[in-house]
Amino acid sequence: RNDLAPYFIEEIRKYLERAYGTEAVHERGLRVYTTLNVAMQRAANQAVRDGLHAHARRHGWRGNLPNLLRDKLGKLESYEDDDWKRLLEKGAYVTGLVTAVDEKAATVKLGTYRALVTAPDFAWTGRKSPAQLFHVGDLGMFHIREISGSIARVDVEQKPVAQGALVTIDNASGEIKAMVGGYSFEESKFNRATQAMRQVGSSFKPYLYTALIEEGYSPFDTILDEPFTTMSGGQEYSPQNYDGKFEGVITLRRALAGSRNVPAVKLAEKLGVEKVIDVARRFGITSPLPPYLPLVLGAAEITLLEHTSAFTAFPNDGIRIESHLIR
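This text gives an overview of the structure that appears in the document. (Residues numbered from 1 in each chain as written. Predicted model: local features only at pLDDT ≥ 70, side-chain atom pairs only at ≥ 80, totals over all residues. Heavy atoms only, no water.)

### Digging into the overall build of the protein
When helices and strands are counted, the protein shows 9 helices and 13 strands. The buried share among the 327 residues of the protein stands at 45%. In the protein, once contacts between residues fewer than 6 apart in sequence are set aside, the share between residues at least 24 apart is 67%. As displayed, the protein offers around 17400 Å² of accessible surface, 52% of which is attributable to carbon and sulfur atoms. Taken together, the 41 basic and 40 acidic charged side chains of the protein have centroids lying 4 Å from each other. (Helix = DSSP H or I, 4+ residues; strand = E, 2+ residues; numbered from the N terminus. Buried < 20%, exposed > 50% of the residue type's maximum accessible area, 1.4 Å probe, protein only. Contact = heavy atoms within 4.5 Å. Areas by Shrake-Rupley, 256 points an atom, 1.4 Å probe, with all protein chains shown as cover. Lys, Arg positive; Asp, Glu negative; His and termini not counted. Charge placed at Lys NZ, Arg CZ, Asp CG, Glu CD.)

### A word on helix H8 (residues 273-282)
Taken together, the buried positions of H8 are occupied by Val 273, Val 276, Ile 277, Val 279 and Ala 280. In an axial view of H8, the angular spread of the buried residues amounts to 160°, which keeps them on one side of the axis. The exposed residues of H8 that point more than 90 degrees off its buried face are Glu 274 and Arg 282. Structurally, H8 contributes buried residues whose contacts are with helix H5 (205-214) and helix H7 (261-271). Phi for Gly 284, located one or two positions after H8, is positive at around 105°. (Arc of directions from axis to C-beta.)

### Here we look at the pattern of salt bridges
Per the counting criterion, the structure on display carries 24 salt bridges. Across the pair Asp 121 and Arg 145 runs a salt bridge, and its minimum N-O distance is 3.3 Å. Note that Asp 121 is positioned in the loop between strand S3 (113-117) and helix H4 (130-133) and Arg 145 in strand S4 (residues 139-148), a separation of 24 residues in sequence. Given the relative accessible area of 28%, Arg 145 is considered partly exposed. Note that Arg 320 and Glu 322 form a salt bridge whose closest N and O atoms lie 3.6 Å from each other. Overall, Arg 320 belongs to the partly exposed group, its relative accessible area being 25%. Judged by relative accessible area, which is 54%, Glu 322 ranks as exposed. Linked by salt bridges that have partners in common, Asp 225, Asp 243, Glu 247, Arg 254 and Arg 260 make up one network. (Salt bridge = Lys/Arg side-chain N within 4 Å of Asp/Glu carboxyl O.)

### A look at the packing of H5 against H7
Following both chains from N to C, one finds H5 and H7 inclined at 45°, their axes separated by 11 Å at the closest point. As the angle between them shows, H5 and H7 are arranged oblique. Note that H5 runs across H7; the crossing there is left-handed. Contact residues: Lys 205, Leu 208, Tyr 209, Ala 211 and Leu 212 in H5; Asn 261, Ala 264, Leu 267, Ala 268 and Leu 271 in H7. Taken together, the residues of the contact of H5 with H7 break down into 8 nonpolar, 1 polar and 1 charged. (Axes fitted to C-alpha atoms, helices over the stretch in contact; angles between N-to-C directions. Parallel < 35°, antiparallel > 145°, perpendicular 65-115°, else oblique. Left-handed = near helix turned anticlockwise from the far one by under 90°. Nonpolar A, V, L, I, M, F, W, Y, C, P; charged D, E, K, R; others polar.)

### Re the packing of H5 against H8
Two elements in contact, H5 and H8, have axes whose closest approach is 9 Å; the angle formed by their N-to-C orientations is 105°. Comparing the axis directions of H5 and H8 gives the class roughly perpendicular. Contacts between H5 and H8 pair Tyr 207, Leu 208, Thr 210, Ala 211 and Glu 214 from the former with Lys 275, Val 276, Val 279, Ala 280 and Arg 282 from the latter. Grouping the amino acids of the contact of H5 with H8 by side-chain chemistry returns 6 nonpolar, 1 polar and 3 charged.

### Remarks on the environment of His 55
On the secondary structure map, His 55 appears in helix H3 (residues 38-58). Residue classification places His 55 among the partly exposed positions, given a relative accessible area of 28%. When the C-alpha positions of His 55 and Val 161 are compared, they lie 9.0 Å apart, and in sequence the two are 106 residues distant.

### Quick word on a nonpolar patch on the surface
Together, Tyr 15, Tyr 20, Leu 30 and Val 32 make up a nonpolar patch on the protein surface, roughly 380 Å² of accessible area in all. Within the element layout of this structure, Leu 30 appears in the loop between helix H2 (22-27) and H3. Of the residues examined, Leu 30 reaches a relative accessible area of 41% and is grouped as partly exposed. (Patch = residues over 30% accessible without salt bridge, like charges linked within 9 Å, V, L, I, M, F, W, Y side chains within 5 Å.)

Shown next as structure tokens:
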């Protein structure tokens, strides 16, 4: 198994099997040199997990934990979790088994380590005592703060329901340094960095402003940010700014920096959406881009890898290098 970069390795396996056939990949001893950066991949894994756990905490404690005894998953004395086969270290999110609980503390087994969980460790849940959170035999999620000898200090967490993805590209070379396709490869092989079609929102606007600059507009030209209705796709369309306010006459520079929606739609209408689509295609966007005004506010669905790769043209002074995983 590959715990460091399973989504990255799976992308490479699929590519190699397509290019050279299954037998060559698994039996002929190919040597494959990848673009992976181990330190960046570790940081990416941690960043996605930290972000998804923070999201889960903001949405409150769900409870309803699987229970070893109730669900007949094993015995307290002999249970071994898959998580415990990995290196347990500071910063890790690990399944823990609750072996004892009272009003003051819960005792949790994490492989060869033990943790004592008290009120400060689960303050975010809104519960007052461990007995309100846990029953003996519960399998919960814990974040390791510190390890000292055989004792771990932990925070109570819960398994995220939301998913996330992250991709890191060296813009000068096009080398993909890190890729995370979801919270857990064991639970979901679907790679959200390469397969998920997601609305990209206001991060699409730089393609519009690039098209405007190419047409001779200047960052100091002005546009009126005020209520506005037009026709799009045969229907009336009235874009809104995210803050519900209007700023009057502003420069294009301000319109982009403040991510103002109304000026973006007005400018796209003036320029013609087809010109914006043409620019996005030259940046390397291959996903379908419907020729309607909401496109410039990010209504189109694009993969994370495609969009990130397109953005490398900005720091590269307009040159885009194809992103790749194999050297």
